[in-house]
Amino acid sequence: MSELSVNGLNGLSYLPGYFNRGAQEALLEEIRAVVARAPLYTPAMPRTGNAFTVRMSNCGPLGWVSDIAGYRYQPHHPDTGQAWPEMPAVLTALWKDLAPNAPDPEACLINYYKESARMGLHQDRDEQTFEAPVISVSLGDTATFRVGGLSRKDPTKSFRLQSGDVVVLGGDARLAFHGIDRVLKGTSTLLKTGGRINLTLRRVIPPR
Ligand code: MD6
Ligand code: FE
């Protein structure tokens, strides 16, 4: 586990190669099974209705969605109306390993990036509690990940996320701004047709 310091915030961890190739392949199969039932869709930005460049799906009891009305968590797929598929056990095991004291994750957002897809600088702040960290897993092509501070204007640092890498935003870094500048084409053989998948695990509702 390596703690990274950006703008003096504690709680940002980077775990390169957390999943080895075999584990990445197994996880990818689980995600394929999820998206077979809950197809990737193109979300729209609040207010403008502009399309995201990433496609998304979710698993777990809640899923993060965005459309012209805003960002929110909901228990069903916006197109099919079906409940999101169950979260694969390997992801709940990852959460238990890295956040043993946090309540179980309720949402796993699946982001799929083709070549020119990116994700602007944002905070993960649509949850009703920020006590638990957000844990992410990268699969497929390498991406450049940028992390800053609690203000959008704070300086940022960027580093590369490779297939199998895990990032934890917890503690003071839970609300740090972050984003994906670009995906580096042809850097992984995991996805047969290229591109990148990022999974983010979140606790949404405070434990009772
Ligand atoms: C991505 N990741 O890697 C986007 N959020 O494609 C995130 O937005 C993210 O990696 C919260 C915690 C870790 C992350
Ligand atoms: Fe995020």
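Further up the page is the structure itself.
Residues numbered from 1 in each chain as written. Chains lettered and ligands numbered in written order. Predicted model: local features only at pLDDT ≥ 70, side-chain atom pairs only at ≥ 80, totals over all residues. Heavy atoms only, no water.

Trainee: Would you mind going over the packing of aromatic side chains with me for this structure?
Mentor: How two aromatic rings sit relative to each other is set out by the distance from centre to centre and by the angle between their planes. Applying the stated criterion across every chain yields a total of 5 aromatic pairs. With a centroid separation of 6.4 Å and an interplanar angle of 80°, the aromatic rings of Phe52 and Trp64 are classed as edge-to-face. Placement of Phe52 in the loop between α1 (21-37) and β3 (55-59) and of Trp64 in strand β4 (residues 63-67) is noted, with a sequence separation of 12 residues between them. Across the pair, exposure class does not vary: Phe52 and Trp64 are buried alike. Geometrically, the ring pair formed by Trp64 and Tyr71 is tilted, given 5.2 Å between the ring centres and 35° between the ring planes. Trp64 gets classed as buried once you look at its relative accessible area, which sits at 9%. A connected cluster of aromatic rings, assembled from ring pairs, spans Tyr14, Phe145 and Phe159. In this structure, Arg196 packs its charged tip against the face of Tyr113, placed 5.0 Å from the ring centre. (Phe/Tyr/Trp six-rings, centres within 6.5 Å; stacked < 30°, edge-to-face > 60°. Helix = DSSP H or I, 4+ residues; strand = E, 2+ residues; numbered from the N terminus. Buried < 20%, exposed > 50% of the residue type's maximum accessible area, 1.4 Å probe, protein only. Lys NZ or Arg CZ within 6 Å of the ring centre and 35° of its normal.)

Trainee: Help me out: how do you make sense of α1 in this one?
Mentor: Spanning 17 residues, α1 covers 25 Å between terminal C-alpha atoms, matching the ideal 24 Å at 1.5 Å per step. Within α1, the full set of buried residues consists of Gln24, Leu27, Leu28, Ile31 and Val34. In a view along the axis of α1, the buried residues occupy a sector of 115°, so they form one face of it. Residues Ala36 and Arg37 are exposed on α1 and point more than 90 degrees away from its buried face. Of the surrounding secondary structure, the elements contacted by the buried residues of α1 are β3, α2 (89-98), β6 (107-113), β8 (134-140) and β13 (196-202). Its side-chain oxygen 3.1 Å from the backbone nitrogen of Gly22, Asn20 forms the N-cap of α1. (Expected span 1.5 Å × (residues − 1). Arc of directions from axis to C-beta. Contact = heavy atoms within 4.5 Å. Polar contact = N/O pair within 3.5 Å; in protein donor to acceptor, adjacent residues only side chain to side chain.)

Trainee: Explanation requested: the pairing of β4 in the structure shown.
Mentor: Across a regular strand the side chains alternate sides, sitting on one face of the sheet and then on the other. A large share of β4 lies buried, amounting to 4 of its 5 residues. Direction of pairing for β4 relative to strand β5 (residues 70-74): antiparallel, over a ladder of 5 bridges. Across the sheet, Trp64 pairs through a bridge with Tyr73, a residue of β5. Between β4 and β5, which pair antiparallel and follow one another directly, the connecting turn spans 2 residues. (Pairing = 2+ DSSP bridges.)

Trainee: Hey, could you run me through the nonpolar core in this one?
Mentor: Note on soluble globular proteins: their nonpolar side chains tend to be buried together. If you look at the biggest cluster of nonpolar residues, it comprises 31 residues, and the most contacted ones within it are Leu12, Val54, Met56, Tyr113, Phe145 and Ile180. The set of elements that each furnish at least two residues to this core consists of β2 (12-15), β4, β6, β9 (143-147), β10 (157-161), β11 (166-169) and β12 (178-183). Apart from residues lying up to four places away in sequence, Val54 is in contact with Pro43, Asn111, Tyr112, Tyr113, Ala117, Arg118 and Met119. If you look at the next biggest cluster of nonpolar residues, it comprises 28 residues, including Phe19, Leu98, Ala132 and Leu190. (Core = buried A, V, L, I, M, F, W, Y, C linked by side-chain atoms within 4.5 Å.)

Trainee: In this structure, what is going on with the site of ligand 1? I would like to understand it.
Mentor: Around ligand 1, a shell composed of Tyr113, His122, Asp124, Val134, Ser136, Phe145, Leu169, His178, Ile180, Arg196, Asn198 and Thr200 is seen. Within the side chain of Arg196, a nitrogen or oxygen atom sits 2.8 Å from an oxygen atom of ligand 1. Relative to its free-state accessible area of 340 Å², ligand 1 is covered by the protein chains to the extent of 99%. Of all elements in the fold, only β8, β12 and β13 reach the threshold of two or more residues within the shell around ligand 1. Residue classes in the shell around ligand 1 are distributed as 5 nonpolar, 5 polar and 2 charged. (Near = heavy atom within 4 Å. Areas by Shrake-Rupley, 256 points an atom, 1.4 Å probe, with all protein chains shown as cover. Nonpolar A, V, L, I, M, F, W, Y, C, P; charged D, E, K, R; others polar.)

Trainee: Looking at this model, I keep getting lost on the coordination of the iron ion (ligand 2). Mind explaining?
Mentor: Each pair of donors in an ideal four-coordinate tetrahedral metal site encloses 109.5 degrees, whereas pairs in an ideal six-coordinate octahedral site enclose 90 or 180 degrees. Bound to the iron ion (ligand 2) are the protein donor atoms His122 (NE2), Asp124 (OD) and His178 (NE2), situated 2.1 to 2.2 Å from the metal. Positions of the donor residues of the iron ion (ligand 2), expressed as sequence spacing, correspond to H-x1-D-x53-H. Taken together, the positions of His122 in strand β7 (residues 119-122) and His178 in strand β12 put the pair 56 residues apart, joining distant regions of the chain. Residue classification places His178 among the buried residues on the basis of a relative accessible area of 6%. (Donors = N, O, S within 2.8 Å, 3.2 Å for Na, K, Ca; no water.)

Trainee: Please explain α2 as it appears in this structure.
Mentor: Helical geometry note: an α-helix holds 3.6 residues per turn, so side chains three or four residues apart project in the same direction. Along α2, the residues classified as buried are Leu91, Leu94, Trp95 and Leu98. The buried side chains of α2 occupy one side of the element, clustering within an arc of 95° when seen end-on. Where α2 is buried, its residues contact β2, α1, β6, β8, β11 and β13.

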